[in-house]
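# An overview of the molecular structure
Listed here are the chains, written in short residue letters.
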Amino acid sequence: MILRQAAFQKKIPFLKGGLHCHTTLSDGKGSPEATVRHHAHMGYDFLAITDHRRYNFTNFAPDTGLLILPGMEADRFLDGSGMQVVHAVALGPETGNGYTDGQEVLYERGGLAVDCQDIFDDIRKANNLAVLAHPTWSGNTPSDVLALQGYDMIEIWNTGSELDWGISDRGYHWDVLLSAGRRVWGVASDDGHALQENGFGFVRVAAEKNVASILEALKNGEFYASCGPEIYDFYIEDGWACIHCSPVDQVAVRNFTAPHRVVQKNGITAAQIKIRDCCQDYIRMEVVDEKGRRAWTNPIFL
Ligand SMILES: [Zn+2]
Ligand SMILES: [Zn+2]
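Keep in mind it's a predicted model, so treat the numbers as computed, not measured.

Turning our eyes to something else, we now look at the environment of alanine 188. Structurally, the position occupied by alanine 188 is in strand E9 (residues 185-189). Sequence separation between alanine 188 and histidine 20 is 168 residues, and the spatial gap between their C-alpha atoms is 9.1 Å. Not counting residues up to four positions away in its chain, the partners in contact with alanine 188 are Trp157, Gly201, Phe202, Val203, Ala225, Ser226 and Trp296.

Printed below as a string of structure tokens:
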């Protein structure tokens, strides 16, 4: 029997999209128009302009053909030591998303991460999808991410965290959630503030090029996250995890409580890894290419 991950069941071309970036409308350095043009130039099909505390629907360069997903990044500064925060990206439909274009959305400082459930509740009540952004940079602990409910996705790669702060997400919080039975999908995002910080982390979504189709596919896990490598198929057949991809040097099966040895070889385009018997909740796969760039499938639940 074959269990195929949802992204690869549809057999339609993947769209390349960015779910998190900033412009001069908040603390970004590129103008909104330059940001749209830059992504179109890099071959993106869609982009959410998610400035801090400001909901956007506008396409600042519609002649590029780049599709804009309505969205924003909401946040709260928390009490306590350091600068703990919770940041959440909202992605919504073109009509009925609960916000007006350019609306300022503010959350007062205070409380702990677990007190930020209201942010996710508001986003969902407004018919938007929610992404928990850069949990490692934010100082969110595994118990924080478990306590917060109602987000559809979590960032497992954030280019800004990597380039500006040297902080990696890499899926640790994600595996904690998955092993607790949470159906949360992993996304790679740029969170680009300077223009040149964009183009390193994106999603490839099995959808038609319209907002409704893309949101539906994101909600259903019909996509994968990447910093470069392409994934063409991911399925389980008779206890083996199987992947087809662009040439990579490392393939891994990931499960929180059952480590699997990686397969390493130059130019792998197809690999099978035997799933350990003790692995009973989910598996996902990761690949790394010769430049060290990763791609992550979403999980198959066992
Ligand atoms: Zn943020
Ligand atoms: Zn951001």
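After presenting the structure, the write-up continues.
A positive phi angle, near 70 degrees, is found at asparagine 127, a position not held by glycine. The topology assignment puts asparagine 127 in the loop between helix H2 (117-125) and strand E7 (129-132). Notably, aspartate 191 is not glycine yet its phi reads approximately 50 degrees, a positive angle. Of note, aspartate 191 is situated in the loop between E9 and strand E10 (202-206). With a relative accessible area of 6%, aspartate 191 lands in the buried category.

It is worth spelling out the sheet that holds E7 at this point. Spatially, E5-E6-E7-E8-E9 is the arrangement adopted by the 5 strands of the open sheet, whose pairing is mixed. Looking at strand neighbours, the two that pair on one side only are strand E5 (71-77) and E9, the edges of this open sheet. Strand-to-strand, the axes of this sheet are offset by a mean angle of 30 degrees, without reference to chain direction. Against the sheet, H2 engages E5, strand E6 (85-91) and E7, with an angle of about 5 degrees to E6. On the sheet, helix H6 (residues 211-219) packs against E6, E7, strand E8 (153-158) and E9 and is oriented at approximately 50 degrees with respect to E7.

Attention now goes to the coordination of the zinc ion (ligand 1). Binding of the zinc ion (ligand 1) to the protein goes through Glu73 (OE), His87 (ND1) and His134 (NE2), at separations of 2.0 to 2.1 Å. For the zinc ion (ligand 1), all donor residues lie on one chain, and their spacing in sequence is E-x13-H-x46-H. The zinc ion (ligand 2) is placed at 3.4 Å from the zinc ion (ligand 1), the two being bridged by glutamate 73. A residue pair is termed long-range when its members are at least 10 positions apart, and glutamate 73 in strand E5 and histidine 87 in strand E6 qualify at 14 residues. Each member of the pair, glutamate 73 as well as histidine 87, is classed as buried.

This part takes up the packing of aromatic side chains. The tally for this structure, following the rule as stated, stands at 11 aromatic pairs. Ring plane angle 45 degrees and centroid distance 5.5 Å describe the contact between phenylalanine 120 and tyrosine 151, whose orientation is recorded as tilted. You can see phenylalanine 120 sitting in helix H2 and its partner tyrosine 151 sitting in the loop between helix H3 (142-147) and E8, a full 31 residues away along the chain. The buried category is assigned to phenylalanine 120, whose relative accessible area is 0%. Residue classification places tyrosine 151 among the buried residues on the basis of a relative accessible area of 4%. Considering the side-chain rings of tryptophan 157 and tryptophan 296, the 6.4 Å spacing of their centres and the 40 degrees angle between planes classify their relative orientation as tilted. With tryptophan 157 in strand E8 and tryptophan 296 in strand E16 (residues 294-296), the pair connects residues that are 139 residues apart, well separated along the chain. Judged by its relative accessible area of 13%, tryptophan 157 is buried. For tryptophan 296, a relative accessible area of 1% translates into the label buried. Through a chain of ring-to-ring contacts, the aromatic side chains of Phe8, Phe14 and Tyr224 assemble into a single cluster. Over the face of the ring belonging to tyrosine 151 we find arginine 182, whose NZ or CZ atom lies 5.3 Å from the ring centre. Directly above the ring of phenylalanine 301 sits arginine 183, whose terminal nitrogen or CZ lies 3.7 Å from the centroid.

Turning our eyes to something else, we now look at the coordination of the zinc ion (ligand 2). Binding of the zinc ion (ligand 2) to the protein goes through His20 (NE2), His22 (NE2), Glu73 (OE) and Asp191 (OD), at separations of 2.0 to 2.1 Å. With 4 donor atoms in place around the zinc ion (ligand 2) and angles of 82 to 173 degrees between them, the coordination shape is irregular. When the donor residues of the zinc ion (ligand 2) are listed from N- to C-terminus, their spacing reads H-x1-H-x50-E-x117-D.

Entries for the chain in the domain assignment read domain 1 (7-226) and domain 2 (231-301). Centre-to-centre separation of domain 1 and domain 2, based on C-alpha positions: 25 Å. In this assembly, 23 residues from domain 1 lie in contact with 16 residues from domain 2. For the domain 1 face of the interface with domain 2, the top three residues by lost area are Phe8, Asp175 and Leu178, together amounting to 30%. The tally of links from domain 1 across to domain 2 stands at 1 salt bridge. Of the charged contacts, one joins arginine 284 and aspartate 175 as a salt bridge, the two residues approaching to 2.8 Å between their closest N and O atoms. Our enumeration of links across domain 1 and domain 2 arrives at 6 residue pairs in polar contact (both at pLDDT 80 or more). Tallying contributions element by element places helix H5 (residues 172-179) first for the side of domain 1 that touches domain 2, with 6 residues. Residue composition of the side of domain 1 that touches domain 2, grouped by class: 13 nonpolar, 5 polar and 5 charged.

Each value, and the rule that gives it
Residues numbered from 1 in each chain as written. Chains lettered and ligands numbered in written order. Predicted model: local features only at pLDDT ≥ 70, side-chain atom pairs only at ≥ 80, totals over all residues. Heavy atoms only, no water. Helix = DSSP H or I, 4+ residues; strand = E, 2+ residues; numbered from the N terminus. Contact = heavy atoms within 4.5 Å. Buried < 20%, exposed > 50% of the residue type's maximum accessible area, 1.4 Å probe, protein only. Pairing = 2+ DSSP bridges. Axes fitted to C-alpha atoms, helices over the stretch in contact; angles between N-to-C directions. Donors = N, O, S within 2.8 Å, 3.2 Å for Na, K, Ca; no water. Phe/Tyr/Trp six-rings, centres within 6.5 Å; stacked < 30°, edge-to-face > 60°. Lys NZ or Arg CZ within 6 Å of the ring centre and 35° of its normal. Tetrahedral: all angles 85-135°; square planar, octahedral: opposite > 155°, others 65-115°. Domains from an automatic or database assignment. Buried area = accessible area lost by both parts, 1.4 Å probe. Salt bridge = Lys/Arg side-chain N within 4 Å of Asp/Glu carboxyl O. Polar contact = N/O pair within 3.5 Å; in protein donor to acceptor, adjacent residues only side chain to side chain. Nonpolar A, V, L, I, M, F, W, Y, C, P; charged D, E, K, R; others polar.

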